[in-house]
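Structure at a glance
Here is how the chains run, residue by residue.
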Number of protein chains: 2
Amino acid sequence: MDDVRVIEVKQSVFADNDRKADELRARLREQGTFLLNLMSSPGSGKTTTLRRTVEVLRGEMAIAVMEADIDSDVDARTMAETGVRAIQLHTGGMCHLDAYMTEQGLEGLLAEGGGEPIDLAILENVGNLVCPAEFDTGASANAMILSVPEGDDKPLKYPLMFSICDVVLINKIDALPVFDAFSMERVRENILMRNPNATIIPISAKTGEGVDAWADWLRTRIAEWKIA
Amino acid sequence: MDDVRVIEVKQSVFADNDRKADELRARLREQGTFLLNLMSSPGSGKTTTLRRTVEVLRGEMAIAVMEADIDSDVDARTMAETGVRAIQLHTGGMCHLDAYMTEQGLEGLLAEGGGEPIDLAILENVGNLVCPAEFDTGASANAMILSVPEGDDKPLKYPLMFSICDVVLINKIDALPVFDAFSMERVRENILMRNPNATIIPISAKTGEGVDAWADWLRTRIAEWKIA
């Protein structure tokens, strides 16, 4: 397999990340590119979920994926195997991406595709429930994954992350019989306490269960965004 | 149950965290307190592992636990139920603890125990594989937990964390049949690539398997530290 494109993204020189994020969001709207920012703890299943998502939606829209990591290109290789445009962003130790870093990634994605337009750009953020929540990337929507083995108390401990996400995927539901202390009812309560507007979708990226519901949410959200 | 003591720790005013950490380490040596800094992703099982550890070692030494969290006091309550001295540190959104914050926690622990000396102080750091690795807390040893559901590729993605830990506990081995893509051999290779001196101990905090081996490591390490 060919090497994937790796971009060493630099930290923002802009003091005002929020302004930069708004600028980027406006430009993406002009270009017709919906940007999804996907966040989670390390090992919650972001890449596997994205593989499944791409399998369902790739016939309907042009999808491209940016994989952020401190080091390694494991995830970008995995995504490139699905045939979609995929690049790796190296953050050089940074624990999150800001709007300026995301912009560099989007430019890399466009270059990778010879300038071909992108309908859905997905940013797989650094695995971390704290720092990524503090920086607006310019995304059209924020999504996060909480996996069953992490426990249903996480919204109590990482309040900001849950409060800024439009949708929370509860992944690894196939492992519920082993993690019998996890209560789907309690996790819903805890999430909605942080964010009453959050959509909650249980999935198993391993078996594919729930992936259609998640793809439907994304489809609807993109359609609404287009006419907004 | 009584409310647990909650301390709002403030970020360091010291530019030089390394110097502060060395000062704290020297003072802890004088006091005969071994400080263990325990780190992991959110939901890897830090608190459950600590409960097990305390059950094994509490008859042999005076143990006290600091639970760092952005918000909530779930973990400190859980630890207080074991009967050991336990306090909650609120980081106010901070993604890690530094030596100055740790010092404030240790002072709180001493106050909580009416000044009674502590043989083993344990700091449960914020759940995060990135930021806590960058700040020396003044600990006598660094430990981390990687749980099976997170995957065996994490040392490739979070290199600094694995390189600074003296010991890596592989937790949730009871879930290995469900997470059959996880290879114990591969995770060992990946960890030792980052840190050839790391001790690797597979455990299940749920069933108790491997906890004795971990307690032995800690006992030996404390004994060596005392005569060093």
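Residues numbered from 1 in each chain as written. Chains lettered and ligands numbered in written order. Predicted model: local features only at pLDDT ≥ 70, side-chain atom pairs only at ≥ 80, totals over all residues.

Let's talk about the overall build of chain A
- Scanning chain A from terminus to terminus reveals 8 helices and 8 strands.
- Over its C-alpha trace chain A gives a radius of gyration of 17 Å, about what one expects of a compact globule, namely 17 Å for 228 residues.
- On the principal axes, the C-alpha backbone points of chain A span a range of 50 × 40 × 40 Å.
- The buried share among the 228 residues of chain A stands at 50%.
- Within chain A, counting contacts between residues at least 6 apart in sequence, those at least 24 apart form 77% of the total. (Helix = DSSP H or I, 4+ residues; strand = E, 2+ residues; numbered from the N terminus. Rg over C-alpha atoms; globule rule 2.2 N^0.38 Å. Buried ≥ 20, exposed ≤ 12 C-beta atoms within 10 Å, placed from the backbone. Contact = placed C-beta atoms within 7 Å.)

Let's talk about the sheet that holds strand β7 (residues 167–171) of chain B
Residue and element names in this part refer to chain B.
- Here 8 strands make up an open sheet; going across it, the order is β1-β4-β3-β5-β2-β6-β7-β8 and the pairing parallel. Looking at the sheet topology across the chains shown, the edges are occupied by β1 (5–8) and β8 (199–202). Each adjacent strand pair in this sheet contributes to an overall mean axis angle of 25°, direction not counted.
- Pairing of β7 with β8, which is carried by 4 bridges, proceeds in the parallel orientation. Paired with I170 across the bridge in β8 is P202. (Pairing = 2+ DSSP bridges. Axes fitted to C-alpha atoms, helices over the stretch in contact; angles between N-to-C directions.)

Some thoughts on unusual backbone geometry
Residue and element names in this part refer to chain A.
- Within the chain, K172 stands out as a residue other than glycine whose phi angle is a positive 65°.
- Tracing the sequence through the fold places K172 in the loop between β7 (167–171) and α7 (184–194).
- A residue is classified by how many C-beta atoms lie within 10 Å of it, and K172, with 29 of them, is buried.

What to know about the environment of M184 of chain B
All names here are of chain B.
- One can find M184 in helix α7 (residues 184–194).
- A tally of 14 C-beta atoms within 10 Å means that M184 is categorised as partly exposed.
- As a C-alpha pair, M184 and D152 span 32 residues in sequence and 7.5 Å in three-dimensional space.

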